[in-house]
Number of protein chains: 4
Amino acid sequence: MKFVTEIGYSSPKKTIVRGHDIQDLVKNNTFTEGIFLTWQGRLPNEKERKMLDAILVSCMEHGPNAPTILSSRIVASAGNSLNASVAAGVLSVGEHHGGAIEQCAKLFQEQINQTGKQIVKEFEEKKKRIPGYGHKIYTTDPRTVQLLEIAQKLGFFGKFVKLSLEIEKELETLKGKKLCLNVDGCIAALMSELGFSWQYGKGFFIISRTTGIIAHAVEETVKEKPFRRLDESEVEYIGKK
Amino acid sequence: MKFVTEIGYSSPKKTIVRGHDIQDLVKNNTFTEGIFLTWQGRLPNEKERKMLDAILVSCMEHGPNAPTILSSRIVASAGNSLNASVAAGVLSVGEHHGGAIEQCAKLFQEQINQTGKQIVKEFEEKKKRIPGYGHKIYTTDPRTVQLLEIAQKLGFFGKFVKLSLEIEKELETLKGKKLCLNVDGCIAALMSELGFSWQYGKGFFIISRTTGIIAHAVEETVKEKPFRRLDESEVEYIGKK
Amino acid sequence: MKFVTEIGYSSPKKTIVRGHDIQDLVKNNTFTEGIFLTWQGRLPNEKERKMLDAILVSCMEHGPNAPTILSSRIVASAGNSLNASVAAGVLSVGEHHGGAIEQCAKLFQEQINQTGKQIVKEFEEKKKRIPGYGHKIYTTDPRTVQLLEIAQKLGFFGKFVKLSLEIEKELETLKGKKLCLNVDGCIAALMSELGFSWQYGKGFFIISRTTGIIAHAVEETVKEKPFRRLDESEVEYIGKK
Amino acid sequence: MKFVTEIGYSSPKKTIVRGHDIQDLVKNNTFTEGIFLTWQGRLPNEKERKMLDAILVSCMEHGPNAPTILSSRIVASAGNSLNASVAAGVLSVGEHHGGAIEQCAKLFQEQINQTGKQIVKEFEEKKKRIPGYGHKIYTTDPRTVQLLEIAQKLGFFGKFVKLSLEIEKELETLKGKKLCLNVDGCIAALMSELGFSWQYGKGFFIISRTTGIIAHAVEETVKEKPFRRLDESEVEYIGKK
């Protein structure tokens, strides 16, 4: 097997990441700058760093209810190592949980030369939902509001954010009710402003949420007895008797 | 099932992490500060934040050779989603790859009241290797040297670092050759100085290396054809004919 | 959370799988019969059992070259438990490695009322490859030949197998060279004959290959030293210097 | 990288498993015989095959309550492929869920030359629990009773089974109440009778339970809406306000 890479390499003498000696990065850079560099090939300026920090903080922990935390705690409860528990948590990031970031960023980046009207019409004709819009509870997603405020202040209210809001407006016109740009769609627009390719979409959610996954897996291991089971009342068998 | 947690919770009204509203954290804090808070229950001061950033940057990417990257690229090459590929990478963090941080931090934290001499003697009697010491290539691990320099400047040259160096000295006296405090052992000492419990040991390596894992999984998916196989010359069958 | 299921349940008094007491199954049935029952809701007759056994044996082990075994051995080599190593192996079953069974079975089951000609034409117009056809090395896949021989003897040469061969013939007419029904496509046709829904497609490969994954993970753990790395000659860095 | 193996290899001409051409195995052998061969290096006789079938059927499916099924259904519910969902299920096989088979088989195989009395005494002195004994609900595990009945009929009531029952008796004498040989301990004794090395312990549970894991992951994907979350009433936050 042969691996060809633009990302980095390591030899006994030194480790290089995107052209930078890792020793220099350790001395001079934050973890967020390191993520930006590794994924995009250049270090961010101060505004880009702040925007990425806001995105990464926004998804890092939302309590044990979500699939990412649940699956991780269940695997930890069966007596597994931290890495196995974290892997189970990361596996829960799927099409329906964080996956909209990827699909929505793909849409924004591939169709940036179209208008919001054209995009909404195209999805309407295919009878498909546009990823990154709508929320079970919110008519306005407060996390979107906040991230966009920060984006405006830092100067990231560019063509991708504008397209994302145009689509939101067109959807409202078409449907007669608001289908808000949710936090997944907002991150999709902002990562595009920052220059990341859409294939990294789930990556922001994964590395951010790994924070909470690790904390919950450790808590389960240290504080709880083995192992998690559903109560009998939580299962209903409707098969052959 | 019932989950009791001290880490965080989310309701339609707000999301709380360790007593902080996540909206405030998004506005005011970096990702590294968010990790520190989620794992330890309080925000770091500036020096603690810098020390944690140095640790997290030091492991984030070391080229495709290591198990974490290899397994992730292989799973990506078979046509899997980013989360499945990252999970495979995280699974490669095992007892022999990053696991020494956990075991070494456990040792430092549980035996902080003993001298380096006592600890070395105890392991010698049990004929066991002390985790976090020795390196295939280095007699002095340059990453340790650098992290300790930063630790000294920031004021984290406390009892755990001192114990870690005492053990290194005692090992040299006993063995007649240097068995250096390696980067795993050094991180174990520094995370202890920062107040993290040893169960988080693998966590620093996992979240840091997820940076490189994601970059390599994306590169494999975008740039390479399916799928990775060993060449015939890389396999030798020595079983029954 | 509430789980509603037709598959099975367990109480302190007894465990029921698809209407059967597991104690009866243990006494009277083989593992292959158990798999058939759990996935399809009824026990197989002797011919169905034999056909399923042939499918399951055909994929169980093909040496260390393939992604399933490679990723598992790499994770094992880093010092992980058997379940973590097996999980990494299972993760390697992706769209390009075993995934064609699912896609091809979906095609056969959803378009069983069309002719091979119509299906080939449809894919040709969409400029898409039909999953389950073609092989890097073989012009005739010997595994397909063998499974079809067994199918004929046992009486499973029904409408799905006929459609699969019709497509093969049409492809040859269209392309002017043979694009053989490969082992994935053949299993897709046979599982359809046996009455399994296409969503189980990857399942046959997963449970079958788990045999080899477990053997290789144990071998790696018992016989090899930690841990697997690429040699320097296997990596080429083409990024920024 | 170079992989040396006794298990099998594949070339364009043929695939060999433990010295057998896989084409012959497909024609002549059951899946259970294939598992026996791959893990142990020889084909089983009819009695050994029946004993292994009984073991594999006994663990294949126990309803959605257990960690293996729960974690798999949660990952499936987030919109993941079958292989990712199965991997999460396999990850749930841990020290506290199936892991006792491995530890108990290790004990039986390494201490087969000791008496039950010596072993019980040794664990008592170390204040450790013997893996494979005791059950939350049962004073006699009905699955053990049944597997031992089959073992007796087939002629596998050998030295490992005898040691396992001797330990059960000694434990009762010592504790004054029965701590039954549970199904994990029973499988540990029987796999030892069949000649499998203890490192395969978790393997029997993993491959067997993969049956139920696959069925539940498919059911979740086909029948349920995305995605599984805990209800608010299932979470209690006891951290900082």
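Residues numbered from 1 in each chain as written. Chains lettered and ligands numbered in written order. Predicted model: local features only at pLDDT ≥ 70, side-chain atom pairs only at ≥ 80, totals over all residues. Heavy atoms only, no water.

Overview of the packing of helix 8 (residues 142-154) of chain D against helix 10 (residues 183-193) of chain D
Residue and element names in this part refer to chain D.
Here's step 1: Close contact between helix 8 and helix 10 brings their axes to 8 Å; oriented N to C, the two are set at 20°. It follows from the interaxial angle that helix 8 and helix 10 lie roughly parallel. The way helix 8 lies across helix 10 gives a crossing that is left-handed. Here R143, T144, L147, L148 and A151 of helix 8 come into contact with helix 10, specifically with V183, C186, I187 and L190.
Here's step 2: The class makeup of the residues in the contact of helix 8 with helix 10 is seven nonpolar, one polar and one charged. (Axes fitted to C-alpha atoms, helices over the stretch in contact; angles between N-to-C directions. Helix = DSSP H or I, 4+ residues; strand = E, 2+ residues; numbered from the N terminus. Parallel < 35°, antiparallel > 145°, perpendicular 65-115°, else oblique. Left-handed = near helix turned anticlockwise from the far one by under 90°. Contact = heavy atoms within 4.5 Å. Nonpolar A, V, L, I, M, F, W, Y, C, P; charged D, E, K, R; others polar.)

Remarks on the confidence of the model for chain A
Here's step 1: With 100% of its residues at a pLDDT of at least 70, chain A reaches an overall mean of 96.
Here's step 2: Predicted complex metrics record ipTM = 0.97 and pTM = 0.97. (pLDDT = per-residue confidence, 0-100.)

Examining the packing of helix 4 (residues 67-77) of chain B against helix 4 (residues 67-77) of chain C
Here's step 1: Following both chains from N to C, one finds helix 4 of chain B and helix 4 of chain C inclined at 160°, their axes separated by 9 Å at the closest point. The orientation of helix 4 of chain B relative to helix 4 of chain C falls into the category roughly antiparallel. For the pair helix 4 of chain B and helix 4 of chain C, the sense of crossing is left-handed. Within the contact between the two elements, helix 4 of chain B uses B:P67, B:L70, B:S71, B:I74 and B:V75 and helix 4 of chain C uses C:P67, C:L70, C:S71, C:I74 and C:V75.

Digging into helix 11 (residues 201-223) of chain B
All names here are of chain B.
Here's step 1: Compared with an ideal rise of 1.5 Å per residue, which puts 23 residues at 33 Å, helix 11 spans 34 Å between its outermost C-alpha atoms and is within 8% of the ideal.
Here's step 2: Where helix 11 bends most, at T210, the angle is about 35°.
Here's step 3: Counting buried positions along helix 11 gives 20 out of 23 residues, so the element sits mostly inside the fold. (Expected span 1.5 Å × (residues − 1). Bend = angle between axes of the 7 residues up to and from the residue. Buried < 20%, exposed > 50% of the residue type's maximum accessible area, 1.4 Å probe, protein only.)

Brief notes about the interface of chain C and chain A
Here's step 1: The interface of chain C with chain A comprises 32 residues on the first partner and 32 residues on the second.
Here's step 2: Interface of chain C and chain A: buried area, both sides summed, is about 2,600 Å²; carbon and sulfur atoms make up 59% of it.
Here's step 3: The largest per-residue losses of area from chain C upon contact with chain A belong to C:M1, C:E236 and C:Y237, which jointly make up 21% of the total buried on that side.
Here's step 4: For the pair chain C and chain A, the interface holds two salt bridges.
Here's step 5: Between A:K2 and C:E236 there is a salt bridge, with the nearest N and O atoms lying 3.8 Å from each other.
Here's step 6: Remark: the boundary between chain C and chain A carries 16 residue pairs in polar contact (both at pLDDT 80 or more).
Here's step 7: Looking at the side of chain C that touches chain A, its residues break down into 13 nonpolar, 10 polar and nine charged. (Buried area = accessible area lost by both parts, 1.4 Å probe. Salt bridge = Lys/Arg side-chain N within 4 Å of Asp/Glu carboxyl O. Polar contact = N/O pair within 3.5 Å; in protein donor to acceptor, adjacent residues only side chain to side chain.)

Digging into the relation of the copies chain D and chain C
Here's step 1: Turning chain D through 180° and shifting it by 0.0 Å along the axis lays it on chain C, with an RMSD of 0.0 Å. With respect to symmetry, the two chain copies, as superposed, fit the operation of a two-fold axis. Minimal C-alpha distance to the rotation axis in chain D is attained by D:A87, lying at 2.2 Å.
Here's step 2: Residue by residue, 100% of the interface of chain D is reproduced at the interface of chain C, so both copies engage with the same surface. (Least-squares fit on C-alpha atoms with pLDDT ≥ 70 in both.)

A few points about the sheet that holds strand 3 (residues 15-17) of chain C
Here's step 1: Here we have three strands laid out as an open sheet, ordered 2-3-4 (chain C), and antiparallel in their pairing. With partners counted over all chains shown, the strands left at the sheet margins are strand 2 (8-10) and strand 4 (20-21) of chain C, one partner each. (Pairing = 2+ DSSP bridges.)

Structural notes on the packing of aromatic side chains
Here's step 1: Scanning all chains against the criterion turns up 26 aromatic pairs over all chains.
Here's step 2: Taken together, a centroid distance of 5.0 Å and an interplanar angle of 65° make the contact between C:F36 and C:F196 edge-to-face. Of this pair, C:F36 sits in helix 2 (residues 31-40) while C:F196 is found in the loop between helix 10 (183-193) and helix 11 (201-223), placing the two residues 160 residues apart along the sequence.
Here's step 3: The buried category is assigned to C:F36, whose relative accessible area is 0%.
Here's step 4: You can call C:F196 buried: its relative accessible area is 2%.
Here's step 5: Where C:F196 meets C:F204, the ring centres are 5.0 Å apart and the plane angle is 80°; that geometry is what we call edge-to-face.
Here's step 6: Given a relative accessible area of 2%, C:F204 falls into the buried group.
Here's step 7: Its end group placed over the ring of D:F227, A:K136 keeps NZ or CZ at 5.8 Å from the ring centre. (Phe/Tyr/Trp six-rings, centres within 6.5 Å; stacked < 30°, edge-to-face > 60°. Lys NZ or Arg CZ within 6 Å of the ring centre and 35° of its normal.)

Quick look at the sheet that holds strand 3 (residues 15-17) of chain A
Residues and elements named next belong to chain A.
Here's step 1: The strand order 2-3-4 describes an open sheet built from three strands, whose pairing is antiparallel. The sheet is open, and its two borders are formed by strand 2 (8-10) and strand 4 (20-21), each paired with just one other strand.
Here's step 2: Both strand 2 and strand 3 contribute to a ladder of three bridges, which runs antiparallel. By the bridge assignment for strand 3, S10 is matched with T15.

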